[in-house]
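One letter stands for each residue in the lines below.
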Amino acid sequence: MPRSTPQSEPQDWVTRAADDAVRHHERSGVSGPVTCSSGISPSGPIHLGNLREFLMPHFVADELRRRGVPVRHLHVWDDYDRFRRVPAGVDPSWEQHVGRPYTAVPDPWQCHATWSDHFKEPIVSALHQLGVDMEEISQTERYRSGVYREEVLHAVRHRHDIDSVLAKYRTKKTGPVATPEEAGDHAAQEAEALAGSVANDDDGQDAAGDIGFFPFKPFCRDCGRDTTTVTSYDDETKDLAYTCSVCDYHGTTNLGTENQGKLVWKADWPMRWAFERVDFEPAGMDHATPGSSFTVGHELVESVWNYPRPAWFGYGFVGFAGVQKMSSSTGAAPTGADALRVLEPGILRWLYVRRQPRQPFDIDFGPEVVRLYDEWDALARKATDPAKRDVQVLAYERAASTQTAGRLPTAEVVVPFRMLSSVADVTAGSAEQISRLVATMGHPHDSVEQLEPRLSRAMAWTAEFVPASERTTVRTGPDLVAIQALSSREQAWLSLLLQGLQGELDLEQVTKLVYGVPKLTRGMALDDAPTEEVKADQKEFFRLLYHLLVDADRGPRLPTLIIALGSERVRRLLGGD
Ligand SMILES: [Zn+2]
């Protein structure tokens, strides 16, 4: 089995991370597949910044599959984390659920069983479209079924070791002294603001009453919240006594027989790495700081669980441009589903794989989308030539297909996005109408389906992301005043153009004509190279056409515009009848 890549092959960050994951697997001495992991808490809409958390391990797992190495992408849903606060727009009565796990909070939008399901479902569906093949586990199920019971007992037995590691970082904290609750909350808020990360950054100090640090926090038997304080623990009987500050319940749970709580976050993460045999797990850059749950976890997994810290790298933030135009989000950051309405799955993948993980980037849903499609199409052409295989082509290959999903959906007949969106813009027409027009523009095809998934994305982008001021508004009738005032030269241009626009129009012929009319009026042939005078005339002629057709100084390319309008409509607007 080729466990690494031959030197002659292009190499990128995915190649190197896959090598690291394999090395970790060998060092850990664990049998079974290499495990690349991601983890996220379904606390809110999972946006394009969070998508990086899923895609980084996905690309690494896919690279290992390509090499024939047994591998799994393990995605961990941190759905047993506590519901922290009621976001704006949600019924304030949800305040009663603060402290309960996301899987125990009802869905305020009433479309799913729980808060957790409400936010899981859309991203799972987007990931499916993106060809991401992962094994999902729920921390709620893991904890409640007792799968982690031995690990919980292990952490509790080693609570003093865990505490002393955590204490090192506690004393290093500078600045104003905050209570652990506040500090934890602040860190999590900051992480959320930056990456939408939802890591519970508590370190268990608040779980402890008089007995000091305790790495396990019960959910109250009476009210289901984690607003509990451990009052005693018996290492022999494994009875843990606690009080709940919200409902005032006093009770016990037995760690050897019951599953009514979870490890505090800083112990939960390393436990999971060891238990699930994780070889590679990246983290948002905000986690890569001293004292963060991630760095502390790395230390704990080795000292307490005797398992080598997983290979990792920090990844940068993903920002957005043109977001205010996203119709589906109410001021929230766009999600994978939002992006997939405009970008083909392969292109969305490409945005994430072509950058170094540390590099932050923005996804622009404005005019940049057109350039992005052009660039992608150019790369696709380059990728067909084996002699040109390089790192860019490698990124293309990783984006365009996966080992398990095969080639991601792509149009059978590739029409430039620029053309599709211009035609959609000018005609505001149906898919069938657009399909008919682009067929005459040098892209013959048999059915609308052959233009998908690109056509509907071009239509959605044009309708929802191109601001009204940039949209093309075709005149409803001729500008008679302007037509009356035409100079004789302008009249000559228009009549030559209309003479040429007879019968079936095709793009090449119309292009030649539009550029050629000013040549003809200067006694030149259509194919002659333009002189400086002709170039000046062309400019003027084009401006005139835009004015008469769409009442603007510029617009879509004129040949595209003319074909989209059809010769009859053009003739009427130019005063030809
Ligand atoms: Zn309670």
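Read on for an overview of the structure.

Time to look at the coordination of the zinc ion. Within the protein, the atoms that donate to the zinc ion are Cys220 (SG), Cys223 (SG), Cys244 (SG) and Cys247 (SG), at distances of 2.1 to 2.4 Å. Around the zinc ion, the 4 donor atoms are arranged such that angles at the metal cover 97 to 121°; this shape is classified as tetrahedral. Mapping the donors of the zinc ion onto the primary sequence yields the spacing C-x2-C-x20-C-x2-C. Here Cys244 lies in strand 6 (residues 239-244) and Cys223 lies in the loop between strand 4 (216-218) and strand 5 (228-233), a separation of 21 residues in the sequence. Classification of Cys223 as buried rests on a relative accessible area of 12%. Residue classification places Cys244 among the buried residues on the basis of a relative accessible area of 2%.

The strand order across the open sheet built from 3 strands is 1-2-3, with neighbouring strands paired in parallel fashion. Looking at the sheet topology across the chains shown, the edges are occupied by strand 1 (34-40) and strand 3 (135-138). Strand after strand, the sheet turns through a mean of 25° between neighbouring axes, direction not considered. By the bridge criterion, 7 bridges tie strand 1 to strand 2 (residues 71-77) in an arrangement that is parallel. For Val34, the partnering residue across the bridge sits in strand 2 and is Val71. Helix-sheet contacts for helix 2 (residues 48-67) involve strand 1 and strand 2, and the interaxial angle to strand 1 is about 170°.

Another aspect to go through is the environment of Tyr102. Among the structural elements, Tyr102 can be located in the loop between strand 2 and helix 3 (115-129). Taking the C-alpha atoms as reference points, Tyr102 and Ser116, 14 residues apart in sequence, are found 5.1 Å from one another. Setting aside residues no more than four positions away along its own chain, Tyr102 makes contact with Ser41, Pro42, Ser43, Asp78, Asp79, Asp81, Arg82, Phe83, Arg84, Thr114, Trp115 and Ser116.

This paragraph deals with helix 20 (residues 532-550). Spanning 19 residues, helix 20 covers 27 Å between terminal C-alpha atoms, matching the ideal 27 Å at 1.5 Å per step. Buried residues of helix 20: Val534, Asp537, Gln538, Phe541, Phe542, Leu544, Leu545, Tyr546, Leu548, Leu549 and Val550, and no others. Where helix 20 is buried, its residues contact helix 17 (480-484), helix 18 (488-500), helix 19 (507-521), helix 21 (558-565) and helix 22 (567-573). Of the residues flanking the end of helix 20, it is Asp551, one or two places downstream, whose phi is positive at about 55°.

Take the sheet that holds strand 7 (residues 250-254) next. Across the sheet, 3 strands lie side by side as 5-6-7; this open sheet has antiparallel pairing. With one partner strand each, in any of the chains shown, strand 5 and strand 7 form the two edges of the open sheet. Averaged over all neighbouring strand pairs, the angle between strand axes comes to 30°, with direction disregarded. When strand 5 meets strand 6, the two strands line up antiparallel, connected through 5 bridges. Its bridge partner being in strand 6, Thr229 is matched across the sheet by Thr243.

This part covers the packing of aromatic side chains. One pass over the full model with this rule turns up 29 aromatic pairs. Pairing Phe541 with Phe542 gives two aromatic rings, centres 6.1 Å apart and planes at 40°, and the pair type is tilted. Here Phe541 and Phe542 have matching classes, each one buried. Taken together, Tyr80, Tyr143, Tyr148, Phe219 and Phe275 form an aromatic cluster joined through their ring pairs.

This part takes up the nonpolar core. Among the nonpolar cores identified, the biggest contains 109 residues, and Leu348 and Tyr352 are the most heavily contacted of them. By residue number, the principal contributor to this core is helix 2, which donates 9 residues. Those residues within four positions of Leu348 in sequence are excluded, and the remaining contacts are Leu48, Leu51, Leu130, Gly336, Ala339, Leu340, Leu343 and Ile363. Membership of the second largest hydrophobic core comes to 44 residues, among which are Val165, Phe214, Ala274 and Val296.

What follows concerns helix 15 (residues 431-440). Taken as a whole, helix 15 has its buried residues at Ala431, Ile434, Ser435, Leu437 and Val438. Each buried residue of helix 15 lies within a common arc of 165° when the element is viewed along its axis, so the set occupies one face. In this structure, the buried residues of helix 15 make contact with helix 14 (417-427), helix 16 (454-465) and helix 21.

Turning to the pairing of strand 3, a few remarks are in order. The sheet contact formed by strand 2 and strand 3 spans 4 bridges and is parallel. Looking at the pairing, Val76 lines up with Ile137 of strand 3. Following the backbone out of strand 2, through helix 3 and into the adjacent parallel strand 3, one traces a crossover that is right-handed.

So, about the packing of helix 11 (residues 345-353) against helix 12 (residues 368-383). Relative orientation of the contacting elements helix 11 and helix 12 amounts to 90°, with a least axis distance of 11 Å. Relative to helix 12, the element helix 11 is oriented roughly perpendicular. Along its contact with helix 11, which presents Gly346, Ile347, Trp350 and Leu351, the element helix 12 presents Leu372, Tyr373, Glu375, Trp376 and Leu379. For the contact of helix 11 with helix 12, the residue count by class is 7 nonpolar, 1 polar and 1 charged.

Moving on: the side chain of Asp425. Looking at where Asp425 falls in the secondary structure, it is placed in helix 14. Within the local environment of Asp425, its side chain forms a polar contact with the side chain of Thr472, the two groups lying 2.5 Å apart. Not counting the four nearest positions on each side in its chain, Asp425 is found in contact with Thr462, Arg471, Thr472 and Pro556.

About the thresholds
Residues numbered from 1 in each chain as written. Predicted model: local features only at pLDDT ≥ 70, side-chain atom pairs only at ≥ 80, totals over all residues. Heavy atoms only, no water. Donors = N, O, S within 2.8 Å, 3.2 Å for Na, K, Ca; no water. Tetrahedral: all angles 85-135°; square planar, octahedral: opposite > 155°, others 65-115°. Helix = DSSP H or I, 4+ residues; strand = E, 2+ residues; numbered from the N terminus. Buried < 20%, exposed > 50% of the residue type's maximum accessible area, 1.4 Å probe, protein only. Pairing = 2+ DSSP bridges. Axes fitted to C-alpha atoms, helices over the stretch in contact; angles between N-to-C directions. Contact = heavy atoms within 4.5 Å. Expected span 1.5 Å × (residues − 1). Phe/Tyr/Trp six-rings, centres within 6.5 Å; stacked < 30°, edge-to-face > 60°. Core = buried A, V, L, I, M, F, W, Y, C linked by side-chain atoms within 4.5 Å. Arc of directions from axis to C-beta. Right-handed = clockwise from strand over helix to strand, strands pointing away. Parallel < 35°, antiparallel > 145°, perpendicular 65-115°, else oblique. Nonpolar A, V, L, I, M, F, W, Y, C, P; charged D, E, K, R; others polar. Polar contact = N/O pair within 3.5 Å; in protein donor to acceptor, adjacent residues only side chain to side chain.

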